[in-house]
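# Observations on chain architecture
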Amino acid sequence: MPNWRPPLKEGERYGIDVSAHQEVIDWGDVARDGITLAYIKATEGGDFTDARFDENWRGDREAGLDRGAYHYFTLCTPGADQARRFLDVAPPDGEALPPAVDLELAGNCRARPSPAEVTEQLVDFIRLVEEAWGRELVLYVGDDFRALVPRSPRA
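Let us look at the structure shown here. (Residues numbered from 1 in each chain as written. Predicted model: local features only at pLDDT ≥ 70, side-chain atom pairs only at ≥ 80, totals over all residues. Heavy atoms only, no water.)

### Observations concerning unusual backbone geometry
A positive phi angle, near 60°, is found at Glu23, a position not held by glycine. With respect to the helices and strands, the residue Glu23 is situated in the loop between strand 1 (15–18) and helix 1 (27–32). (Helix = DSSP H or I, 4+ residues; strand = E, 2+ residues; numbered from the N terminus.)

### Regarding the packing of helix 3 (residues 79–89) against helix 4 (residues 115–133)
It is at 7 Å that the axes of helix 3 and helix 4 come closest, and there the two elements cross at 30°. Judged by the inter-axis angle, helix 3 sits roughly parallel to helix 4. Crossing of helix 3 against helix 4: the hand is right-handed. Contact with helix 3, carried on its side by Gly79, Ala80, Gln82, Ala83, Phe86 and Leu87, involves Gln121, Asp124, Phe125, Leu128, Val129, Ala132 and Trp133 of helix 4 and no other residues of that element. (Axes fitted to C-alpha atoms, helices over the stretch in contact; angles between N-to-C directions. Parallel < 35°, antiparallel > 145°, perpendicular 65-115°, else oblique. Left-handed = near helix turned anticlockwise from the far one by under 90°. Contact = heavy atoms within 4.5 Å.)

### Here we look at the state of the cysteines
This model, assessed by the stated rule, comprises 1 disulfide. Two residues, Cys76 and Cys109, share a disulfide whose sulfurs are 2.0 Å apart. Disulfide Cys76-Cys109: torsion about the S-S bond near 130°, hence right-handed. Of this pair, Cys76 sits in the loop between strand 4 (66–72) and helix 3 while Cys109 sits in the loop between strand 5 (100–103) and helix 4, and the two are 33 residues apart along the sequence. (Disulfide = S-S within 2.5 Å.)

### A look at the environment of Arg146
The topology assignment puts Arg146 in helix 5 (residues 143–148). Of the residues examined, Arg146 reaches a relative accessible area of 42% and is grouped as partly exposed. Counting along the chain gives 101 residues from Arg146 to Gly45, while the straight-line C-alpha distance between them is 19 Å. (Buried < 20%, exposed > 50% of the residue type's maximum accessible area, 1.4 Å probe, protein only.)

### Quick look at helix 2 (residues 53–62)
Those residues of helix 2 that fall on the buried side of the exposure criterion are Phe53, Asn56, Trp57, Gly59 and Asp60. Contact partners of the buried residues in helix 2: strand 1, helix 1, strand 2 (37–44), strand 4 and helix 3. Once helix 2 ends, the next one or two residues include Gly64, with phi positive near 85°.

### A look at the packing of aromatic side chains
Here the structure, examined in full by the defined rule, presents 3 aromatic pairs. For the pair Phe86 and Phe125, a centre-to-centre distance of 6.3 Å together with 55° between the ring planes defines the contact as tilted. Residue Phe86 is located in helix 3, and its partner Phe125 is located in helix 4; the two are separated by 39 residues in the primary sequence. Per residue, the accessibility class of Phe86 equals that of Phe125, and both read buried. The residue whose ring lies beneath Arg5 is Tyr14, and the NZ or CZ to ring-centre distance is 5.1 Å. (Phe/Tyr/Trp six-rings, centres within 6.5 Å; stacked < 30°, edge-to-face > 60°. Lys NZ or Arg CZ within 6 Å of the ring centre and 35° of its normal.)

### Some details on the pattern of salt bridges
For side chains bearing opposite charge, pairing can occur when the charged atoms are close. One pass over the full model with this rule turns up 9 salt bridges. In this structure, the salt-bridge partner of Arg13 is Asp66, at a minimum N-O distance of 2.7 Å. You can see Arg13 sitting in the segment before strand 1 and its partner Asp66 sitting in strand 4, a full 53 residues away along the chain. The partly exposed category is assigned to Arg13, whose relative accessible area is 39%. (Salt bridge = Lys/Arg side-chain N within 4 Å of Asp/Glu carboxyl O.)

### Remarks on the pairing of strand 1
The alternating pattern of strand 1 places Ile16 and Val18 on a buried face and Gly15 and Asp17 on a face that is not buried. Bridge count for strand 1 against strand 2 is 4 bridges, and the pairing is parallel. Looking at the pairing, Val18 lines up with Ile40 of strand 2. Handedness of the crossover joining strand 1 and strand 2 through helix 1 is recorded here as right-handed. (Pairing = 2+ DSSP bridges. Right-handed = clockwise from strand over helix to strand, strands pointing away.)

Treat this as a map of the structure, not an account of what it does.
Laid out in structure tokens, this is it:
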């Protein structure tokens, strides 16, 4: 964990997002470092499941942190297919944080559909996941993705 963190404002807390890229996580160390929540990568695209999702999902809970699942949205797979994959791996959980969708171009497929098509596919994903979970999604939007779809997909 970093040696310096910005000071928290009232109601804020420190959290992390993790995936198999971090390899094995010592969730006890994470909790002792003042982290109180984690978003854990569940899926990507229409057929990828993060190899450490189940392990991280359990470890986070055992350490007493709040947890949420996230999906890395790709431009190569229809949004509805991605939503179904995410829901298969991370079904609605009333004790979890709201689900999140990670929107960034770095590491994404090379296809660059039109902004209208991206918006349409993203709206499909959001609608299906929000209907299943009964909660609004958290949008985790990289600056590069914001340039591709400049307005909110909920608009």
